[in-house]
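What the coordinates show
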Amino acid sequence: MKKSLFLATAAALTLSACSAEDHQEQAADAQSSPMSAGSAVEAAADSSTAEGDGAADAIPASMPQLAYDFGLSFRLPSDEIGKLMRRHASVCEQQGPQSCRIIGMDLSGDAEREDVHGTLSLAVAASHARAVSALMDEEASDAGAKQVSTTIGSEEVSKQVVDTEAHIRSREELRDRLTEVLRTRKGSVKELVEAERQVAAVNEEIDQARSWLAVTKGRVAFSRMDIDYAPAAAPASDFIAPISTALGTVGSLFGTIIGALIVMLAIALPLLGAALGARWIVRRLKAPALDS
């Protein structure tokens, strides 16, 4: 019994001594290699910073960017088309340039012949497009116009915008590196000349990409609205329609006959004149012979 107690005590002392020894070795290792510890901390800090940067660079989820196109078509009497178009233009101007802008206006035709056509093109703030469209419908209704069609189209441009912005950033980084080469004058004359040429080409590429990006973002911010105006078709009864068609056919036939007669006269009159002239000359030549 005493022997077992002695063995257990000895084992405990041995484990305690080993644990203390291991602890001293670890402490000695830590003191003998302070750079390794510092490197580990620095690596951890770098890892944390990298993760933070990665989170910052992550593309946030956002609504898709859509470029909308609206189309409205109205039918009304020819002599009222110009008036309604001007009223619609006034409605747009009343909204202010931040909400609505006139980008095109065309009116052509003759009101007496019922062939007047008009087109009004607007750039409307995307957030106000539906409200402006409702105002146009109200004005047209007050003028007695009939709306015959309404169209809404859209184009998804989110990917193009993101790709173009990334392309611009990469080109700007390349330009900065080339500019640094030129600033430090490191390299041969040929290399410096080539760097200048590349800087000019990259700047031109950046300007083109920025121009396209500005136009695309403008399309997203302002929707295009095209309003079409055309004369309303005059109603015709079933009794009058066949008569009108027949009269039109007869009139066309008489016109064809008269045209053919005019052509025949244009050909026959010169020939008749030439024949009469030749006869008169022959008679004049025969007259002296008869006198003799």
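Everything discussed here concerns the structure shown above.
Residues numbered from 1 in each chain as written. Predicted model: local features only at pLDDT ≥ 70, side-chain atom pairs only at ≥ 80, totals over all residues. Heavy atoms only, no water.

Some thoughts on the overall build of the protein
Each helix and strand in the protein was counted, giving 7 helices and 5 strands. Mapped in sequence order, the helices and strands of the protein form the string α-α-β-α-β-β-α-β-α-α-β-α. Every one of the 292 residues in the protein was classed for burial, and the buried ones make up 19%. For the protein, the proportion of contacts with a sequence separation of at least 24, taken over those separated by at least 6, is 78%. For the protein, the accessible surface area stands at approximately 20900 Å², while carbon and sulfur atoms represent 61% of it. (Helix = DSSP H or I, 4+ residues; strand = E, 2+ residues; numbered from the N terminus. Buried < 20%, exposed > 50% of the residue type's maximum accessible area, 1.4 Å probe, protein only. Contact = heavy atoms within 4.5 Å. Areas by Shrake-Rupley, 256 points an atom, 1.4 Å probe, with all protein chains shown as cover.)

Describing the packing of aromatic side chains
Evaluation of the coordinates by the stated rule reveals 2 aromatic pairs. Between tyrosine 68 and phenylalanine 70 the ring centres are 6.3 Å apart and the planes differ by 35°, which places this aromatic pair in the tilted class. Owing to a relative accessible area of 10%, phenylalanine 70 belongs among the buried residues under this scheme. Against the face of phenylalanine 222 rests arginine 101, its NZ or CZ located 4.1 Å from the ring centre. (Phe/Tyr/Trp six-rings, centres within 6.5 Å; stacked < 30°, edge-to-face > 60°. Lys NZ or Arg CZ within 6 Å of the ring centre and 35° of its normal.)

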